[in-house]
Amino acid sequence: MSHSLNVIWNPSEGIDLGFFMIRYYSLMFVIAFGLGWFIMKKIFERENESIEKLDSLFVWTVLATLIGARLGHVFFYDWEYFRNHLLEIFLPVRFEPKFEFTGFQGLASHGAAISIIIAMYYYSKKILKRPLLWILDRVVIPVASGAIFVRLGNFFNSEIIGHETNSAFGIRFLHDTFSKSEAVNATQIADPKAAYTAIVTDPKFADLLAQVPAKHPTQLYEGISYIFVFAILFFLYWKTNARLKSGLLFGLFLVLLFVVRFVVESVKESQGGFGNELLGGIFSTGQWLSIPFIIIGLFFIIRAQRNPLAAS
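Treat the numbers as computed from the prediction; the structure is a model and nothing was measured.

Reading guide: rules and limits
- The numbering scheme is per chain: residues are counted from 1 as the chain's sequence reads.
- Since the coordinates come from a predicted model, pLDDT governs what is reported: local features require at least 70, and pairs of side-chain atoms require 80 or more to be given and counted, while whole-chain, interface and lining totals use all residues.
- Calculated side-chain values reflect all of the structure's heavy atoms, with hydrogen atoms and water omitted.
- In this description a helix means any DSSP run of H or I spanning at least four residues, a strand means any run of E spanning at least two, and both kinds are numbered starting from the N terminus.
- Under the scheme applied here, a residue whose accessible area is under 20% of the maximum for its type counts as buried, over 50% as exposed, and between as partly exposed, the area being computed with a 1.4 Å probe on protein chains only.
- Residues are treated as being in contact if the distance between any of their heavy atoms lies within 4.5 Å.
- Only residues whose relative accessible area exceeds 30% and that form no salt bridge enter a patch; like-charged residues are grouped when within 9 Å of one another, and nonpolar side chains (Val, Leu, Ile, Met, Phe, Trp, Tyr) when within 5 Å.
- Accessible surface is estimated by sampling points in the Shrake-Rupley manner with a 1.4 Å probe; for residues, cover comes only from the protein chains shown.
- In the sections that follow, a salt bridge refers to a side-chain nitrogen of Lys or Arg positioned within 4 Å of a carboxyl oxygen of Asp or Glu.

Engineer: With reference to specific residues and values, describe the environment of Ala-144.
Structural biologist: With respect to the helices, strands and loops of the structure, Ala-144 is situated in helix H6 (residues 132-156). We classify Ala-144 as buried; its relative accessible area is 0%. Sequence separation between Ala-144 and Trp-79 is 65 residues, and the spatial gap between their C-alpha atoms is 28 Å. Setting aside anything within four residues of it in sequence, one finds Ala-144 in contact with Tyr-226, Val-229, Phe-230, Leu-233 and Phe-253.

Pasting the structure below:
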């Protein structure tokens with residue numbers, strides 16, 4: 001087992017401006033939504049659709065993503081906790097065992113997918129005045145690009161990590177092994193950032209560093225895979241007649257994205273939820289939740305191929 005091949009991941013929380021900290025996770029969300037807006041602007045221009053309608057699409061998508069992802073985490077992964085802490089669902093704090101600001105640490109992509117589809121239904125009826133599949137076929141392109149940056153944000157946060165591995169792909173996530181308080185207590189250095197740095201660089205803390213195992217960087221596996229998902233959808237929309245086949249791009253998005261999710265889940269640490277209780281834990285919660293999306297995606301792909309001139 002050669003740790004010499006493995007990177008020790010000890011990122012800062014973000015860009016410190018002195019009076020304000022721009023956290024990398026938040027920055028990735030800003031980039032995701034900003035790039036998404038730009039892509040949809042180009043699509044609306046191509047389709048001769050009013051750019052005025054783009055602003056409301058942006059607002060609806062942002063709200064649907066954040067609310068749906070939050071509720072997805074609450075109900076799919078951690079309902080046993082949140083059923084007794086209902087206020088914490090919508091507040092970025094934890095009241096027990098002591099009051100602390102935590103930020104919204106739990107966001108589930110399956111919940112975001114469901115809520116975006118619901119939001120697009122109302123958007124297509126109330127504002128766009130086009131069929132639901134017309135907007136779904138197009139909005140999945142920026143959603144796929146956004147997924148790349150969200151997973152980069154997870155990587156900066158050292159969260160959603162894989163199982164331990166002996167492979168050269170393994171990364172040693174220092175912040176996953178030691179929380180801030182644990183790093184401070186172990187090193188007796190009051191500043192968490194300095195404590196983490198000392199564990200990595202100071203030979204007297206070599207025993208602490210040795211406790212950090214190499215794990216699969218599943219966030220990077222997903223993020224890199226989503227680049228290909230985005231590229232495929234982008235190419236098909238701009239360079240082929242796929243956009244004329246109602247439901248094709250939407251179905252392809254569901255199949256590609258959630259197949260990636262299903263495969264990567266096999267080397268990912270358990271995120272909790274109901275997965276362990278079904279069929280002896282053969283699949284994780286994330287895998288069980290991905291299966292319906294894949295099936296729905298296949299349905300729309302087959303439907304689009306059988307009805308190539310379906311109204312879009």
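Engineer: Break down a nonpolar patch on the surface for me, with residues and values.
Structural biologist: Taken together, the side chains of Leu-35, Trp-37, Phe-38, Phe-58, Val-59, Leu-63 and Ile-67 define a hydrophobic patch exposed on the protein surface, amounting to about 600 Å² of accessible area. Counting residues per element, the nonpolar patch draws most heavily on helix H2 (residues 52-77), which supplies four residues. Here Ile-67 shows up in helix H2. Using a relative accessible area of 45% as the deciding quantity, one classes Ile-67 as partly exposed.

Engineer: Which residues make up the side chain of Ser-145, and what values go with them?
Structural biologist: Looking at the secondary structure, you find Ser-145 in helix H6. With a relative accessible area of 1%, Ser-145 lands in the buried category. Discounting chain neighbours no more than four positions away, the residues touching Ser-145 are Leu-35, Ile-39 and Phe-230.

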